[in-house]
Amino acid sequence: MILTIYMSMFLVLACVDMGLKQYIEDTFEENEERETKLPGLVFRKNYNKGFAFNVLENAPGIIRKSSVFSAAGILLYDCWIFSRKKRPAGKLGMTLVSAGAVSNLYDRLFRRKVIDYIGFRNKREYFSKLTANLADVYLTAGAVLCGLSEMAYKRKTAKRK
């Protein structure tokens, strides 16, 4: 039952991000920017052909292969953590990580680029140039949650010794 809840969350999260990417792809011009009701937040269409910040954008083969290997590693870790009792924060974190990884992997394999669409307006030019997508948010939040879960687990097991 609990596994069904995590799987449902995974599917919803991945589909929401993939749906937003498709909407941006269909309705925005490249580098077009639109205001939102939230101050400092804009929607913009930006293509990322590399890793974060377009690192290795001129090496698409390396990008695709390493993305597939990373996704395989995430899948293996999913199998391990979901076979364990308890650890709900770690499982939630991996659900987020997996949803973000699958959405970005789909883009890398089928579009040959990741569509980023969440932009920021800030007094600092560096932050104003940043563009991300929900998959990036999922990956970051999930990694933090997994890290905190692992630290809590280690602290708990250390007290038992």
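A. Fine view of the sheet that holds strand S1 (residues 33-35). The strand order across the open sheet built from four strands is S1-S2-S3-S4, with neighbouring strands paired in antiparallel fashion. Sheet topology places S1 and strand S4 (131-132) at the edges, where each strand pairs with a single neighbour. Inspection of the sheet shows strand S3 (residues 114-120) paired to S4 by two bridges, in the antiparallel sense. The partner of Ile 118 across the bridge, within S4, is Ala 132. Sitting on the sheet, helix H1 (residues 2-27) is in contact with S1, strand S2 (41-48) and S3, with an inclination near 85° to S3.

B. Highlighting the pairing of S2. In this structure, S1 lies alongside S2, joined through three bridges in antiparallel fashion. By the bridge assignment, Glu 33 is partnered in S2 with Arg 44. The loop that links S1 with its antiparallel partner S2 comprises five residues; one of these, Gly 40, has a positive phi angle of about 85°. Sheet topology places S2 next to S3; six bridges connect them, and they run antiparallel. Bridging from a neighbouring strand, Tyr 47 pairs with Ile 115 of S3.

C. Layout of the environment of Ile 63. Residue position: Ile 63 is located in helix H2 (residues 60-82). Considering only alpha carbons, one finds Ile 63 and Cys 146, 83 residues apart in sequence, at a separation of 24 Å. Residues in contact with Ile 63, not counting those within four places in the same chain, are Lys 49, Gly 50, Phe 51, Val 55, Leu 56 and Arg 108.

D. Region of the structure containing a nonpolar patch on the surface. Among the surface-exposed residues, Val 68, Tyr 106, Leu 109 and Phe 110 lie close enough to one another that they form a single nonpolar patch of about 370 Å² accessible area. The element that contributes the greatest number of residues to the nonpolar patch is helix H3 (residues 88-111), accounting for three residues. Turning to its location among the elements, Leu 109 is positioned in helix H3.

E. View of the packing of aromatic side chains. Overall, the coordinates contain five aromatic pairs when judged by the stated rule. Between Tyr 106 and Phe 110, the aromatic rings sit 4.9 Å apart at their centres with planes inclined by 35°, giving tilted as the arrangement. Of this pair, Tyr 106 and Phe 110 are both found in helix H3, four residues apart, which corresponds to roughly one turn of the helix. Above the face of the Phe 28 ring, Arg 34 is positioned so that its terminal group lies 3.8 Å from the ring centre. Stacked on the ring of Tyr 47, the Lys or Arg Lys 113 has its end atom at 4.2 Å from the ring centre.

Conventions used here
- Residues numbered from 1 in each chain as written.
- Predicted model: local features only at pLDDT ≥ 70, side-chain atom pairs only at ≥ 80, totals over all residues.
- Heavy atoms only, no water.
- Pairing = 2+ DSSP bridges.
- Helix = DSSP H or I, 4+ residues; strand = E, 2+ residues; numbered from the N terminus.
- Contact = heavy atoms within 4.5 Å.
- Axes fitted to C-alpha atoms, helices over the stretch in contact; angles between N-to-C directions.
- Patch = residues over 30% accessible without salt bridge, like charges linked within 9 Å, V, L, I, M, F, W, Y side chains within 5 Å.
- Areas by Shrake-Rupley, 256 points an atom, 1.4 Å probe, with all protein chains shown as cover.
- Salt bridge = Lys/Arg side-chain N within 4 Å of Asp/Glu carboxyl O.
- Phe/Tyr/Trp six-rings, centres within 6.5 Å; stacked < 30°, edge-to-face > 60°.
- Lys NZ or Arg CZ within 6 Å of the ring centre and 35° of its normal.

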